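Here are the chains, one letter per residue:
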Amino acid sequence: MADIAIIGYSQSPSWREAELTEPQFLFPVISEAIDHAKIERREIGFTCAGSCDYLSGQTFAFVMNLEAVGAWPPISESHVEMDGAWALYEAWVRLQAGDIDTALVFGSGKSSPGNLSEIYPLQLDPYTLTPLGVDPASMAALQARALIDAGLVTEREMAQVVARNRRDAMNNPRAQVSGDFDEDALLAEPYLTAPLRKHDLPPISDGACAVILATADKARAVCERPVWIRGIDHRIEVHQPGMRDLTVSSSTQIAGKNAGVGNAPVDVAELCVSFSHEESVLRRALGLAENVKVNPSGGPLSANPLMAVGISRFAEAARQIAEQGAHRAIAHASSGQALQQNMVAVLEGD
Amino acid sequence: MCSTFVVPSVRHSSHVIEFPYTRSLGPVYGEFLTGLRDQRIIGIRNRDGSVLCPPTEWDPKTGEALALDFVEVGPEGTVTTWAWVTKPTRKHPLDHPFAFALIQLDGADTAILHAVDVASMDKITTGMRVTPRWRKERIGLITDIEAFVPLESK
């Protein structure tokens, strides 16, 4: 596979309730990513977006997001009804063809106007699960309970993950939830969906993230510090949660192996830990050493713009390499219920 | 030059939005949901001999098609994990606090997700034995089971 590099990125802040429309808050993010990559908009050979019409409550809402891209003269573009991380994957595949050298990918979501607990069951099996209205927190809580029962995580460790992410988020101007929180105080909070407390859940966020990808020659020509995608893989587990071992993430394990995670030491990992207990599952699945820093940005527990939260892991991991001196980083995105789908990428500096 | 446009009356047009399709559930979910109507829970034998419930048309590990070898399971089963819902949504099966649980029905090797109706969180544990509380009028939906309840309370 040809090496593809991240040569630019930009993220909006995460807002609890954005006053702007999705195209409006996407516009500066896309423009900044293009500026950051030091390219002209017309140099982009392929554009791919990730968003979810269910969040907007409108069919073909994603077409309006093209207002923020600029589609005249006509452009070549595509859309995935998924997180922008999957748009990035599609563009990575598209760039392998070699006939174009630059791609713009982005993810965006304005989830605040809807009721996510009632919208998300629509992604489930329509005969056995959707009629029960199984919401994401309940799915996550089933996994958390299985982990606690197996002795693989404790509620205190979950609170520690939350406290650490919120502390780290104090250095992230785009984060929505940050601050110095005492883990005993967190543990004294009531359950929301036991064994999860409110802080074990990600915040509801609106926001966007854009990334510019380039082939090796193009990246060398325009970028001082390209961040190379050395490997990327996506795996899906069976849909029914009762047919999986919820104490492990076999899809993450396979994707990590195929992406080459274990081939060299990892400095930092940006993981899609949307619920606090997931960090322990993902750390084990990826075989991360104790000293690997996870989510220095504060992660999804601090900023959770749906449909942009996965591609934000790529942007944050690239930021660690391009701006913070890390050499080898992992970007991870997840989709589906209780970590059903997982994408793992290995990023490296020169 | 100036004229006033007069609207003679407000026009109304009524529309009913509907999807008038008949969906066939196929040979596996058809068997499963018809079974629920008859107060029976149906699983399917996997290629490795294990029993899957809810039944699938394919081996969840390999994707290979399964023969239609149905097995009646349950109705009693064991809670393998659970989540206590303190604030039910409008879409949840019960309007008071309850548990979602994965329940491995007797005779099945996988677990089915459903609600468990107990009064409070301290009334449910992993490993607890449960049995369905059937709806009186059943029409072939997963909600024909109102919820599972502890075995001793039945």
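Residues numbered from 1 in each chain as written. Chains lettered and ligands numbered in written order. Predicted model: local features only at pLDDT ≥ 70, side-chain atom pairs only at ≥ 80, totals over all residues. Heavy atoms only, no water.

Peer 1: Run through the interface of chain B and chain A, naming residues and quoting values.
Peer 2: At the junction of the two partners, chain B supplies 34 residues and chain A supplies 29 residues. With both chains or domains summed, chain B and chain A bury close to 2,600 Å², and 67% of this area falls on carbon and sulfur atoms. Three residues, Y29, K91 and L113 of chain B, lead the burial of chain B against chain A; their summed loss comes to 20% of the area buried on that side. Counting across the interface, chain B meets chain A through 1 salt bridge. Inspection of the region where chain B meets chain A yields 10 residue pairs in polar contact (both at pLDDT 80 or more). Elements with a minimum of two residues in the side of chain B that touches chain A: α1 (26-37), β4 (77-85), β5 (98-105) and β6 (111-116) of chain B. Among the elements that make up the side of chain B that touches chain A, the one with the highest residue count is β4 of chain B (6 residues). Of the residues in the side of chain B that touches chain A, the class split is 20 nonpolar, 10 polar and 4 charged. Note that strand β5 (residues 191-194) of chain A and β4 of chain B share 2 bridges and pair antiparallel. Its bridge partner being in β4 of chain B, T193 of chain A is matched across the sheet by V85 of chain B. (Contact = heavy atoms within 4.5 Å. Buried area = accessible area lost by both parts, 1.4 Å probe. Salt bridge = Lys/Arg side-chain N within 4 Å of Asp/Glu carboxyl O. Polar contact = N/O pair within 3.5 Å; in protein donor to acceptor, adjacent residues only side chain to side chain. Helix = DSSP H or I, 4+ residues; strand = E, 2+ residues; numbered from the N terminus. Nonpolar A, V, L, I, M, F, W, Y, C, P; charged D, E, K, R; others polar. Pairing = 2+ DSSP bridges.)

Peer 1: Requested: an account of the sheet that holds strand β9 (residues 268-270) of chain A, with residues and values cited.
Peer 2: Residues and elements named next belong to chain A. Spatial strand order, β3-β2-β4-β7-β1-β8-β12-β11-β9-β10: 10 strands in an open sheet with mixed pairing. Each of the sheet's edge strands pairs with one partner strand only, and the pair in question is β3 (77-80) and β10 (293-294). Sheet topology places strand β11 (residues 328-335) next to strand β12 (residues 341-348); 8 bridges connect them, and they run antiparallel. Paired with H332 across the bridge in β12 is V344.

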